[in-house]
Each structure stands twice: as C-alpha cells, then as structure tokens.
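The lines below spell out each chain.
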Amino acid sequence: MSEPAALDRDPALSARASTDALVERLGRLSAEAERAGLDAVLVGPGANLRYLVGHSVPSHERLTCLVIVPGASPRLLVPALERPGWDGVPTDALGVEAVTWLDGQDPHALLASLLPAAARVLGVDDDLPARHLLRVQAAVDGSRLRLAGPTISELRMRKSGDEVAALAAAGAAIDRVQARMGEWLWAGRTERDVAADIAAAIVQEGHATADFVIVGSGPSGASPHHEAGERTIREGDSVVVDIGGPTPAGYCSDCTRTYVVGAPVDRELETVHEVVRRAQQAGVAAARAGSSCDSVDAASRTVIEEAGYGEYFITRTGHGIGLEVHEEPYLVAGNERPLEPGMAFSVEPGIYLPGRFGVRIEDIVVVDDDGSPRRLNHFDTSLVRLAP
Ligand code: ZN
Ligand code: ZN
C-alpha cells in the first residue's frame, strides 16, 4: 500500500502540534527556566527546537538559535539565506521574533546583543555544537553555562493527549510491519537483505523514514545493538527484530519481537523466551503513576534473576520516547523519578547468551490519565514461528 493510504487511515500519523500547543510550550519553558535560575535558554536545531516551534532546519556551521529569556519574547536567530526554510512557521502567532544575520557578520556577538545586559547563567541545548557553545561563552561577559536538557525534558517527558495519539499511531504502524515479518524473513536470506525489505515496509506503513532496523539472527542476536550483517539466516535460528522510526508528525516507534525460523535448534530458546515474556509483562504492570523508574527496571530484572539469567540481562529496562527514540525518562537502576500520567517509554528486557542467541521483547507503554499503564504496541509477544 502507498504512504498516503497509510496516512489517510490514521490522521495522528501526520498531525503536527497546533500553534496554541507551541505557545503553551514556549511559555512553560520560560517559567521552567526562571525556576531553574537560568537567565536565558539557547536552543539549536534538533528535537528541542521542533518541540518548541514545530520545525527545525539543520544549519551546519552557521548558527541557528532560539533564544528564550524569561519574561521576554523569544527570538529566533537564523542565517538570512535559510530564512525561507522557516516560512511555514507562524512566528507572529507564536510571538517569536525572527532575527536574521548575514555571512560576514558575527552571529555569536549578535546573539549576545539579544540578551539582557545582566544575563550570565545560560542554559544551552545539550546538542548545541561546541563551535557555537565556546563562541557564545566568549561573547557573553562573565557567562556561566548550564545544560538546558534537564529543564526542557521537564516539558517533553510529559506528553499531551495529542502527543500520545501520535505515539499510538506510530505504534500501530510498526505493529503492521511486525505482523508482515513472514513476507521477508526466512532461511537462506542474509540479515542485510531482510533488513532492506523491512525498511521499505516501515515507510510504506506510515513512517517518514526507517531510523533503525536490527535483524539479529542466531548468535548476532546476543549483541543488543547488532544492526544487520552478512550472516545468512539458517533454519532453526531465532531472530531479534528491533525496528522503528519517526512518522511525518515526528513521533517515533520502537518495537522488538523475537522470531524463530522453523523449529528452534537451541533447546533453551523457548524457556528463555518465556522468561523474557514474563519479565516484560512484569515491567509493564509495574509502570504505574507514582512508581519510580528504577522500580519498573527492578520488576523486569527480578523475573530474569529468579530464573537464573540475571547476568545475561545487560541493558537497562527502557527509555522514554517521543520526538526522539531515546529521551527521558530512563527506566534504569538508580533513577528514582516517579512516573506520571503522560510519560511514554519502552519496556524491553532481554536475555543475551554470548555465542548462542538473544531474546528481547519491546513495547512502548504510556501512563494513562488514571495512572495505569497502557501498551501502544499490540502485536503478539509470544515466540512467533515463521515458515523456514
Ligand atoms: Zn528501545
Ligand atoms: Zn528498540
């Protein structure tokens, strides 16, 4: 089916944030910045900029920067030659003043001139390149730099109803790809060939791009971030398939299933898969409002440890997801942050047996308004046996 058909089926795949939502985010960031003691927040191209103004254009070595000063109107500093790329952004309606600079001008000095004279503590986007960071630091007398990531994350990790709908649409789109796995995955094909077909289907089913396609067959599956190599899949192999990408609305999918091609050659596979499945269910069930991130990790980990495989669960249990595949909150030991309604994250325990195989099951889960966990992926979590 074509991409437009997939978009027709679910408007949330392509829905973008409304102007009202963006105005509210800008206002909340200004308030959060003030609370955090930041005199200004500087945001470069990337997910934070898309979150705040609905758009981002890469500007490479030239400086593009959203400048937020608590109590003042936000300013968007852009290279003059890239101003047309921002035409679709309703800057007036957002209350954002666009300020352009020409090649030959010093954009860092210009940025410094946009700040109040007393501004010293600057919150900088985690992804602002060092080439800009150090020049801004030099251009602002007495500047003290702080990471703005934690402040912006306070907004981004609590999803609105529209954002949850967009994540649910992304989840449904990647479920459709998992459901079609038998079309591509069989013995005699290389991981790389299977991955290429899956990548095409990810786009067909409604994503803007395929961000990652992990096809880990047999021993390759024991490396959690193995991508797809030249190994030829054999009858009896288990295969970890971890796939996802952003929809046109910008929200990401991320879903893992472990398949077996014909009858498993390794007799332990079914046992291990059942342990991971129970661990994943325990993690999802524990993901309630008020529970800490590390308690969700512990819920999954305990099941795997009690089954005797603790040393082979070598990752955290999950990560937040939204405009980026990996964002706050992280479900990891030591993260005592309590979950709240609107938080969305993966629950993806696994067991990785070196030289043999790996098993991972991953769903995206959101904490609903009533505090209970809701899966955004619905494809069967059992060990799906594909025809060899
Ligand atoms: Zn993940
Ligand atoms: Zn994944």
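Here, the structure is the one placed above.
The structure reproduced in this document is the subject of the present report. Each chain has its residues counted from 1, running along the sequence as written. Numbering of ligands from 1 and lettering of chains from A proceed in the order in which they are written. Where totals are concerned, whole chains, interfaces and linings use all residues; where local detail is concerned, this predicted model gives features only for residues with pLDDT of at least 70, and gives and counts side-chain atom pairs only at 80 or more. Just so you know, side-chain values use all the structure's heavy atoms and leave hydrogens and water out.

### Let's talk about the overall build of the protein
Point 1. If you tally the helices and strands in the protein, you get 11 helices and 17 strands.
Point 2. Relative to the 2.2 N^0.38 estimate, which gives 21 Å for 388 residues, the radius of gyration of the protein is 23 Å and therefore close to what a compact globule would have.
Point 3. Here's how the labels work: a residue is buried when its accessible area is under 20% of the maximum for its type, exposed when over 50%, partly exposed in between, all with a 1.4 Å probe on protein chains only. Across the 388 residues that make up the protein, the buried fraction comes to 53%.
Point 4. Throughout, a contact is declared for two residues whenever any of their heavy atoms are within 4.5 Å. Partitioning the contacts of the protein with sequence separation of at least 6, the portion at a separation of at least 24 is 66%.
Point 5. Here the protein has roughly 15,600 Å² of accessible surface; of this, 50% comes from carbon and sulfur atoms.
Point 6. Taking the average place of the 36 positive charges on the side chains of the protein and the average place of its 56 negative ones, the gap between the two points comes to 1 Å. Helix and strand assignments follow DSSP, with helices taken as H or I runs no shorter than four residues and strands as E runs no shorter than two, numbered in order from the N terminus. A radius of gyration in this sense is built from C-alpha atoms; the matching globule rule multiplies 2.2 Å by the number of residues raised to 0.38. A 1.4 Å probe and the Shrake-Rupley method give the accessible areas. Residues count as covered only by the protein chains that appear here. Residues scored as positive are Lys and Arg, those scored as negative are Asp and Glu, and His as well as the terminal groups of each chain are ignored. For charged residues, the charge sits on one atom: NZ in Lys, CZ in Arg, CG in Asp, CD in Glu.

### As for the pairing of strand β8 (residues 238-244)
Point 1. For β8, the tally of buried residues reaches seven of seven residues, placing the bulk of the element in the interior.
Point 2. Burial along β8 is two-sided: S238, V240, D242 and G244 facing one way and V239, V241 and I243 facing the other are all buried.
Point 3. Pairing of strand β7 (residues 212-217) with β8, which is carried by six bridges, proceeds in the antiparallel orientation. The residue of β8 that forms the bridge with V213 is I243.
Point 4. By the bridge criterion, six bridges tie β8 to strand β9 (residues 255-261) in an arrangement that is antiparallel. Along β9, the bridge assignment pairs V239 with Y259. By this definition, two strands are paired if DSSP reports at least two bridges between them.

### Regarding the coordination of the zinc ion (ligand 1)
Ideal coordination angles are 109.5 degrees for a metal with four donors arranged tetrahedrally and 90 or 180 degrees for a metal with six donors arranged octahedrally.
Point 1. The coordination sphere of the zinc ion (ligand 1), as far as protein atoms go, consists of D254 (OD), H319 (NE2), E348 (OE) and E362 (OE), spread over 2.0 to 2.3 Å.
Point 2. For the zinc ion (ligand 1), the four donor atoms in the first shell make angles of 82 to 160° at the metal, a pattern classed as irregular.
Point 3. Coordinating donors are taken to be N, O and S atoms lying within 2.8 Å of the metal, or within 3.2 Å when the metal is Na, K or Ca; because water is excluded from the atom set, some sites may appear incomplete. Sequence spacing of the donor residues for the zinc ion (ligand 1), all on one chain, is D-x64-H-x28-E-x13-E.
Point 4. A separation of 3.1 Å is found between the zinc ion (ligand 1) and the zinc ion (ligand 2), which share D254 as a coordinating residue. On the criterion of sequence distance, the pair formed by D254 in the loop between β8 and β9 and E348 in the loop between β12 (344-347) and β13 (350-353) is long-range, its members being 94 residues apart. The exposure classification of D254 matches that of E348, with both residues buried. Working rule for geometry: tetrahedral if four donors all subtend angles between 85 and 135 degrees; square planar for four, octahedral for six, if opposite donors exceed 155 degrees and the others stay between 65 and 115; irregular in every other situation.

### Observations regarding the sheet that holds β7
Point 1. Across the sheet, four strands lie side by side as β7-β8-β9-β17; this open sheet has mixed pairing. Two strands lie at the open edges of the sheet, namely β7 and β17 (384-386), each paired on one side alone. Along the sheet, successive strands turn relative to each other by an average axial angle of 25°, direction set aside.
Point 2. Across the sheet, helix α9 (residues 191-204) lies against β7 and β8, angled at about 145° from β7, the strand it touches most. Each axis is a line fitted through C-alpha atoms, taken for helices only over the stretch in contact, and angles between the N-to-C directions span 0 to 180 degrees.

### As for the environment of A307
Point 1. One can find A307 in the loop between α11 (293-306) and β10 (318-320).
Point 2. Separated by 32 residues in sequence, A307 and V275 place their C-alpha atoms 7.0 Å apart.

### Here's the deal with the coordination of the zinc ion (ligand 2)
Point 1. Around the zinc ion (ligand 2), the protein contributes the donor atoms D242 (OD), D242 (OD), D254 (OD) and E362 (OE), which lie 2.0 to 2.4 Å from the metal centre.
Point 2. Given four donor atoms and angles of 57 to 147° at the metal, the environment of the zinc ion (ligand 2) is assigned as irregular.
Point 3. Written as a sequence motif, the donor residues of the zinc ion (ligand 2) are D-x11-D-x107-E.

### Brief notes about the sheet that holds strand β5 (residues 121-124)
Point 1. In space, the six strands of this open sheet follow the order β4-β3-β2-β1-β5-β6, with mixed pairing throughout. Because the sheet does not close on itself, it has two edges, and the strands there are β4 (97-101) and β6 (144-147). If you compare each strand with its neighbour and ignore which way they point, the axes differ by 25° on average.
Point 2. Pairing of strand β1 (residues 40-43) with strand β2 (residues 65-68) involves three bridges; the strand directions are antiparallel. Following the sheet pairing, L42 is matched in β2 by V67.

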